[in-house]
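An overview of the molecular structure
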Amino acid sequence: MSELLNRLFRLERGEMPKLLQFGLFGFMLQMGMGVGFSAGDAAFLSNVGADKLPVIFLLIPPVMLLYTGVFSYLLVRHSIGHMVDVTLALLIAGGAALWALLNGEIAPEWHAAVYYGLKLYLAVWYIALYTLFWNFTDSYFDIQDAKRLFPLFAAFCSLGTAAGAMIVSLGAGVIPMPYFMLIWAGIAIATVPVSRMLQARWPQIAESEVDAVDDAGAGKGAFGQLAAVARALRFSPYTLVLAATLFVTLLLTNLAEFQYSTVLEQGRSEAELAALFGQLYAASNIFNLIVCLFVFNRLVTRFGVRNVAFILPLSYFAAFGYFFLHGGTGAALAAFFAYHGVLTSIEYNNQNLLFNAVPSDVKRPLRTVVEGMCEPLASLLAGGFLLLFASRMDMRELSGIGLIVGAALIAIVVFLRQLYPTAMARNMRRGWMNFADRHRAARADAPAAGPGPDDLHLVPGLIAGLGGLPQAGRLDAVAMLGRIGDTETIPQLLAAADTLAPRDRRAIAASLVETGETAIPRLVSALQDRRMPFRARAVAARALAELSYGQLLSQIEGLVHLELREARALLAGAAALEHGGKDACVNDRAVALLARASRERVGAAIDFALEMLALAGLLPTFDLLVVSLHSANPKVRGNAIEAIETGVDYATFQLLRPLLHAQAAPAGDGSGAAAPDLAPLLEDALRAGRPVEALAAAHALHARLAAPAFARIARQALRPGIAPMLRADLRRLLGIAPGHGPALLAVIDALARSRELGGASLDALAALAVRAVAQAGDEAALRLDTAEGPAWVRYRDVDEIAARHADLALVMLKSQDERPYAA
């Protein structure tokens with residue numbers, strides 16, 4: 001019997017256990033997917049409707065861009081087996097969370113959002129599980145085995161999807177929809193031991209001899225591998241055309257899903273839709289099972305890989321032709337089977353073979369990037385089109401567009417067919433060269449001249465010492481950090497960037513770009529971290545714009561709106577401080593400085609928001625815009641505001657408008673209104689820990705509160721990680737450390753009242769105040785008469801701080817010239 005099965009399925013002796021175990025893994029992954037898709041699609045169509053599918057198509061890109069970035073990063077940093085473990089854990093947690101959410105009481109205002117989230121969850125896993133399974137399986141089989149066995153694995157996957165769909169079809173009448181999500185989580189739990197067994201029993205196969213030497217490309221690192229992917233897309237016409245084929249295929253798939261969903265949802269309840277989709281998924285996957293087991297190998301053998309690539313384009317062309325000529329349920333079923341039948345059983349299997357012609361040294365990361373990017377871009381284009389035009393077009397007109405795009409896909413496949421042999425030949429030559437060079441590659445393990453990843457131990461010291469180095473030394477140190485490429489210390493490097501000169505910050509951004517795409521998760525995290533200074537977050541944004549512009553764009557709108565809303569609240573707080581600061585029982589100067597710091601933070605938030613919008617391409621050059629916005633010339637400032645209003649959307653400008661005009665308007669005197677209670681504002685400012693604001697708040701509270709009450713609040717603020725100057729001043733106010741000379745806030749206040757320097761930001765003045773001494777030295781210095789005695793700041797220190805704070809440099813320049821300056 002075993003010999004008969006071996007001959008029937010073209011198996012080699014002893015190969016059956018490996019086939020069955022990997023097949024079981026694919027079966028269980030896809031069974032869960034079948035359960036989730038059948039139930040989830042029905043729930044979405046019943047509760048939201050097919051007319052909202054274009055919105056899903058538009059939401060998929062940012063979600064998939066994030067997933068692709070994270071998955072690509074993790075795939076290079078960790079083994080594919082580890083990624084399987086993480087994915088199964090996410091499926092278990094996600095299924096349980098969806099069950100709890102959908103089984104609970106959903107507020108009416110959140111009803112649609114929950115089902116949008118469910119549909120997005122399904123869309124992500126549809127792509128992610130497919131890519132994960134084939135990347136995992138591909139690492140255990142060579143090309144010859146793959147041509148024999150991959151269709152059989154696809155058959156197991158189809159059988160799993162059919163089984164999952166049948167569970168939904170048979171249980172839809174008695175099992176509430178949320179419980180199918182819990183069933184999916186249970187299937188994922190049962191898949192874990194299968195995955196662990198595969199990883200323990202079967203050895204992975206390296207892509208080439210060189211990969212075997214350097215542990216599957218680990219020696220290249222994330223940046224090296226992803227740079228190779230970029231080179232492949234740039235210099236390999238076949239790779240580019242293959243990506244175009246996948247992109248246009250997915251455009252047609254989105255259009256087909258929209259059309260069949262629109263037809264099939266009409267006149268059916270959620271339970272009826274669940275039963276119908278269960279039957280359709282089961283039927284299509286039984287078709288897939290038959291094709292994978294008995295048809296696909298024969299098609300490839302008879303017609304070749306590049307000719308089989310025509311089957312799906314012709315199937316879509318026929319389905320849209322059916323819609324164009326007749327429409328109705330028959331056309332919807334044809335589109336459904338083109339998508340869930342032909343695409344799955346023939347096209348996906350053929351793509352597994354087509355990917356063998358891409359450069360072999362980057363096949364796995366290239367596949368992850370191409371598949372992860374084509375789907376979001378296709379969804380974006382299809383969703384945008386349908387959202388704008390679907391309501392104005394009938395099914396026949398949409399089908400006509402499908403016919404045109406289908407014809408374009410056929411033309412692209414013609415081009416792909418011509419490039420395939422040449423690409424395969426190049427891969428073979430590359431294999432010969434790898435064979436010849438493998439010993440040289442094995443010996444090429446000595447580090448290159450100059451610091452690299454082996455010098456990670458140097459990083460903390462380099463970052464800690466940046467501020468004390470001369471500029472040339474800082475630039476050298478930043479370049480060294482870029483070559484080392486330690487992503488774990490990116491937050492510390494960004495924090496250090498806040499205190500450095502603009503030229504240093506540009507160099508840090510460049511060094512982060514040099515680190516490569518492994519830096520993307522840390523950069524995204526820093527960009528979103530509101531505890532980070534604005535200058536540090538701007539450095540992260542500039543680096544992210546170079547490494548992953550799509551990632552940056554996906555963050556900008558929400559980030560800008562959040563910062564502008566917070567800035568409006570901060571502006572209201574500043575007004576309250578300016579009014580309440582006239583209360584005799586508080587330290588007027590401390591409150592006044594806190595109000596000024598709050599207004600300056602509003603200005604910094606505006607600048608940060610404008611820089612983000614400029615990076616997104618919505619505004620002109622950021623530097624010119626900010627200089628114009630801070631101009632004393634009303635015309636120049638008015639032109640800047642007009643440029644902003646013209647460039648951004650209405651909602652964003654409505655958030656910006658009061659802030660822009662508040663910057664130019666003087667603060668009101670608050671006459672006619674009672675002085676507000678400042679204690680909550682002061683305590684919030686101290687807890688926030690932003691150095692100048694917290695420092696001013698601490699002094700205001702010290703003057704206002706009894707010693708025990710102040711000590712309780714101040715000790716809570718003495719937490720790890722606060723700025724050294726704030727820690728030292730709090731210890732002085734608490735009496736823990738002795739004071740020598742004027743308090744730091746008194747020096748800042750004297751600098752703020754200085755004619756030469758007072759116009760600079762309080763951040764710059766605080767950096768100067770830290771350098772102040774209580775005794776005059778031999779060097780030329782600026783004398784400051786504070787309320788607590790004299791202090792001196794060396795002119796050399798003023799020049800050094802001015803080199804790092806452009807606002808201080810401009811104030812110094814303006815103090816020497818009475819003509820109006822743009823700044």
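No experiment lies behind these values; they were computed from the predicted model shown.

**Quick word on the overall build of the protein chain**
- Along its length, the protein chain carries 35 helices and two strands.
- Intrachain contacts of the protein chain at a sequence separation of at least 6 include 78% that bridge at least 24 residues.
- Accessible surface for the protein chain amounts to roughly 35900 Å². Of this, 61% is attributable to carbon and sulfur atoms.

**Things to note about helix α25 (residues 622–629)**
- Taken residue by residue, α25 has Phe 622, Leu 625, Val 626, Ser 628 and Leu 629 as its buried positions. The arc enclosing the buried residues of α25, seen along the axis, measures out at 165°, which places them on a common side. Opposite its buried face, α25 presents the exposed residues Asp 623 and Leu 624, each directed more than 90 degrees away.

**As for the pattern of salt bridges**
- Summed over the entire model, instances satisfying the criterion amount to 21 salt bridges.
- Between Asp 85 and Arg 196 there is a salt bridge; the shortest N-O distance is 2.5 Å. One end of the pair, Asp 85, is in helix α4 (residues 80–103); the other, Arg 196, is in helix α7 (residues 177–201), and 111 residues separate them in sequence.
- On the accessibility criterion, Asp 85 (25% relative accessible area) is partly exposed.
- The salt bridge involving Asp 529 is made with Arg 531; its shortest N-O contact spans 3.1 Å.
- Since its relative accessible area comes to 75%, Arg 531 is described here as exposed.
- Several salt bridges share partner residues, and in doing so they unite Arg 771, Glu 779, Arg 794, Arg 796, Asp 797 and Glu 800 into one network.

**Examining the environment of Val 295**
- When you line up the elements, Val 295 lands in helix α11 (residues 270–303).
- Overall, the relative accessible area of 31% leaves Val 295 in the partly exposed class.

**What to know about the side chain of Thr 249**
- One can find Thr 249 in helix α10 (residues 237–264).
- For Thr 249, a relative accessible area of 3% puts it in the buried group.
- At 2.7 Å, the side chain of Thr 249 and the backbone oxygen of Thr 245 are in polar contact.
- Dropping the residues within four chain positions of it, Thr 249 is found in contact with Leu 312, Tyr 316, Leu 343 and Leu 409.

**Remarks on the packing of helix α34 (residues 795–804) against helix α35 (residues 806–815)**
- At a minimum axis distance of 5 Å, the contact between α34 and α35 shows a crossing angle of 120°. Taken together, the axes of α34 and α35 are oblique relative to one another. Residues Val 798, Asp 799, Ile 801, Ala 802 and Arg 804 of α34 lie in contact with α35, whose contacting residues are Ala 806, Leu 808, Ala 809 and Met 812.

**Some words on the environment of Val 48**
- Mapped onto the secondary structure, Val 48 falls in the loop between α2 (16–47) and α3 (53–77).
- A C-alpha to C-alpha distance of 7.9 Å links Val 48 and Tyr 116, two positions 68 residues apart in sequence.
- Dropping the residues within four chain positions of it, Val 48 is found in contact with Ala 43, Ala 112, Tyr 115 and Tyr 116.

**Side note on helix α30 (residues 707–717)**
- Along α30, the positions that sit buried rather than exposed are Phe 710, Ala 711, Ile 713, Ala 714 and Ala 717.
- Along its buried surface, α30 packs onto α28 (679–688), α29 (691–704) and α31 (724–734).

**Considering the nonpolar core**
- With 141 residues, the main nonpolar core has Leu 91, Leu 118, Phe 153, Tyr 238 and Tyr 316 as its most contacted residues.
- Tallying contributions element by element places helix α5 (residues 111–138) first for this core, with 18 residues.
- Those residues in contact with Phe 153, other than ones at most four positions away along the chain, are Leu 19, Phe 22, Gly 23, Phe 133, Trp 134, Thr 137 and Phe 141.

**Some points on the environment of Ala 685**
- Along the chain, the position of Ala 685 falls in helix α28.
- Exposure remark for Ala 685: the relative accessible area of 12% places this residue in the buried category.
- Sequence separation between Ala 685 and Ser 598 is 87 residues; the distance between their C-alpha atoms is 9.3 Å.
- Once you skip the residues sitting within four places of it in the chain, Ala 685 turns out to touch Leu 594, Glu 693, Ala 694 and Ala 697.

**Remarks on the packing of aromatic side chains**
- This model, assessed by the stated rule, comprises 26 aromatic pairs.
- Considering the side-chain rings of Phe 150 and Phe 153, the 6.1 Å spacing of their centres and the 45° angle between planes classify their relative orientation as tilted. Remark: Phe 153 and Phe 150 occur in helix α6 (residues 143–171); sequence separation between them is three residues, near one turn of the helix.
- Ring centres of Phe 336 and Phe 337 lie 5.9 Å apart, and the angle between their planes is 70°; on these two criteria the pair is classed as edge-to-face.

**A short note on the confidence of the model for the protein chain**
- Across the protein chain, the average pLDDT comes to 79, with 84% of residues at or above 70.
- No element of the protein chain has a lower mean pLDDT than helix α8 (residues 209–213), which averages 42, and none a higher one than helix α13 (residues 311–325), which averages 93.
- Within the model, the stretch residues 431–450 combines pLDDT values under 50 with 10 contacts to residues more than four positions away or in other chains.

**Some remarks on the pairing of strand β2 (residues 789–794)**
- Pairing of strand β1 (residues 781–786) with β2 involves six bridges; the strand directions are antiparallel. Bridged to Leu 782 within β2 is Val 793.
- Connecting β1 to the antiparallel partner β2 that follows it, the hairpin turn spans two residues.

**So, the packing of helix α33 (residues 762–770) against α34**
- With their axes 10 Å apart at the nearest point, α33 and α34 run at an angle of 145° to one another. The handedness of the crossing between α33 and α34 is right-handed. Only Asp 797, Val 798 and Ile 801 of α34 make contact with α33, whose side of the interface consists of Ala 764, Ala 767 and Leu 768.
- Looking at the contact of α33 with α34 residue by residue, the classes come out as five nonpolar, no polar and one charged.

**Focus on the side chain of Ser 38**
- You can see Ser 38 is positioned in helix α2.
- Here Gly 34 takes part through its backbone oxygen, which lies 2.9 Å from a polar atom of the side chain of Ser 38.
- Ignoring sequence-local partners within four residues, the contact set of Ser 38 consists of Ala 165, Val 168, Ala 274, Phe 277, Gly 278 and Tyr 281.

Rules of the game
- Residues numbered from 1 in each chain as written.
- Predicted model: local features only at pLDDT ≥ 70, side-chain atom pairs only at ≥ 80, totals over all residues.
- Heavy atoms only, no water.
- Helix = DSSP H or I, 4+ residues; strand = E, 2+ residues; numbered from the N terminus.
- Contact = heavy atoms within 4.5 Å.
- Areas by Shrake-Rupley, 256 points an atom, 1.4 Å probe, with all protein chains shown as cover.
- Buried < 20%, exposed > 50% of the residue type's maximum accessible area, 1.4 Å probe, protein only.
- Arc of directions from axis to C-beta.
- Salt bridge = Lys/Arg side-chain N within 4 Å of Asp/Glu carboxyl O.
- Polar contact = N/O pair within 3.5 Å; in protein donor to acceptor, adjacent residues only side chain to side chain.
- Axes fitted to C-alpha atoms, helices over the stretch in contact; angles between N-to-C directions.
- Parallel < 35°, antiparallel > 145°, perpendicular 65-115°, else oblique.
- Core = buried A, V, L, I, M, F, W, Y, C linked by side-chain atoms within 4.5 Å.
- Phe/Tyr/Trp six-rings, centres within 6.5 Å; stacked < 30°, edge-to-face > 60°.
- pLDDT = per-residue confidence, 0-100.
- Pairing = 2+ DSSP bridges.
- Left-handed = near helix turned anticlockwise from the far one by under 90°.
- Nonpolar A, V, L, I, M, F, W, Y, C, P; charged D, E, K, R; others polar.

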